[in-house]
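So you can see what is in the structure, the chains are spelled out below.
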Amino acid sequence: MPLPRTRGTALRHRLAELRGPEVPAKALDARALAALAANPGCKRRAILDGAGVNKAALASALGSPSAFGQSQFALTRGNAFEAKVKADGGAELLRLVHEKLDRTAEPPAHAHVPELTATGPEGRTARTALALREATEAPGEWALLDHPMLALDVAGSPAFLEPDAVVVHPDGSWTVVEIKSFPMLDGSADPAKVGAAARQSAVYVLALEQIAARLEPVPRVRHRVLLVCPKDFSNLPTASAVDVRKQRAVTARQLARLTRIEDIADTLPAGTCFSPDLPTADLTAAVESVPATYAPECLSACELAFHCRARSRTSGAVTSLGRSVRAELGGLTTVEDVLAAARGETGDPDDPAVAALRRAARLRAEALGREAGALGRDAQVLVHEPEALGAEAVAPCH
């Protein structure tokens, strides 16, 4: 008699069915988890990522191939910059950590750089945890972990994450270091890129907190991470401390929601499958059976963005105009609803959103009316009183 399935085993079996027979699961990485935190209301992304579906292959099979991802040139440039930052045993990197995050500690004249190679991600994860414990138990010394391997439980399965670096301070606290190739101009960088780096770093902070919780005493995982970028238009590194407490809280809530993806799976029709090998019509129906929350920000974070954008535009959803617009419109969810409310055909006049739309429509009509009137008067002057516009205005060209 077979043993009864546990809830975790049943969930993994259900997710494997959704992924498709013989389709290997695509492991979640920090970028994917950070993107989940950026759009926590999207059930479609939650179930696809939870099931390990390759969204790039899925988008191609749907006829909306993704342009999401880094170019080879950007990857090469980023790798070269990271190697420069970590040269000489990470001396420059540790100097930046000391300058931006821990000025009260002794300057890092040298640091311990443990060897983290091991067989497989599980082996590297165990070796990283051991290195962190050993470094924490050696007070008064700096330690630099280059590309450690961390594990974070996601929907009952481990997601293996690889931050650029983790620094152990002399007081035993831990700091995440994120190295990016976009520039810092006059001490500041593109807010959108900094936000994405902060969400990605928050995932690493959560994973480190799980490791720290198993140690005694529990070391402090710093919520201010170090973001290292090229300075201005040079290849010289500079850095900024970024507080990721807000991003960490959002990511933690989203991961807790992912552990309940069985609730989303239970609402899907029987036999739903997201295998790219299915006929396009069946695959489209399967994808559309899961609600999506599209926003323009998805274009830089999700492989299915082009498919979801097309569907959002076809249905006239106001979310295709951006989250800020959607938030201002209250219960008006489609462009047709918005236009009808602005024309006075539908909507409650006491609704602030409806009142604002009608006022905007009146102002627009008045502006267009004045403009049309001015154009009409100018045309009449040109025909009947050309001298009023000046001789050069009507002089023939020679």
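Residues numbered from 1 in each chain as written. Predicted model: local features only at pLDDT ≥ 70, side-chain atom pairs only at ≥ 80, totals over all residues. Heavy atoms only, no water.

Participant: Which parts of the structure should I look at to understand the nonpolar core?
Facilitator: Generally speaking, a soluble globular protein has its nonpolar side chains buried in company with each other. Leu33, Leu132, Leu152, Leu161, Trp174 and Leu208 are the most contacted members of the largest nonpolar core, which totals 41 residues. The element best represented in this core is helix H8 (residues 191-212), accounting for 11 residues. In this structure, Ile264, Phe274, Leu283 and Cys298 belong to the second largest nonpolar core, which totals 26 residues. (Core = buried A, V, L, I, M, F, W, Y, C linked by side-chain atoms within 4.5 Å. Buried < 20%, exposed > 50% of the residue type's maximum accessible area, 1.4 Å probe, protein only. Helix = DSSP H or I, 4+ residues; strand = E, 2+ residues; numbered from the N terminus.)

Participant: Sorry if this is basic, but what is going on with the side chain of Thr238 here?
Facilitator: With respect to the helices and strands, the residue Thr238 is situated in strand E7 (residues 237-243). Judged by relative accessible area, Thr238 falls into the buried class, the value being 18%. Apart from the residues lying within four places of it in its own chain, the contact partners of Thr238 are Leu96, Met184, Leu227, Val228, Cys229, Pro230 and Lys231. (Contact = heavy atoms within 4.5 Å.)

Participant: I would appreciate a short explanation of unusual backbone geometry in the present structure.
Facilitator: Keep in mind that most residues, glycine aside, have a negative phi and that most peptide bonds are trans. Cis geometry is adopted by the peptide bond preceding Pro217, which originates at Glu216 and carries an omega value of -5°. Of note, Pro217 is situated in the loop between H8 and strand E6 (224-230). For Asp88, which is not glycine, the phi torsion reads 60° and is therefore positive. Phi is positive for Asp186, which is not a glycine, with a value near 55°. Mapped onto the elements, Asp186 comes out in the loop between strand E5 (174-179) and H8.

Participant: Help me understand the packing of helix H5 (residues 72-85) against helix H6 (residues 87-101) in this model?
Facilitator: Two quantities define a packed helix pair, namely the angle between the axes and the distance from one axis to the other. One can describe the packing of H5 onto H6 by two numbers: an axis separation of 6 Å at closest approach and a directional angle of 90°. As the angle between them shows, H5 and H6 are arranged roughly perpendicular. Facing H5, whose interface residues are Ala83, Lys84 and Val85, H6 presents Ala87, Gly90, Glu92 and Leu93. Residues belonging to the contact of H5 with H6 are distributed by class as follows: four nonpolar, one polar and two charged. (Axes fitted to C-alpha atoms, helices over the stretch in contact; angles between N-to-C directions. Parallel < 35°, antiparallel > 145°, perpendicular 65-115°, else oblique. Nonpolar A, V, L, I, M, F, W, Y, C, P; charged D, E, K, R; others polar.)

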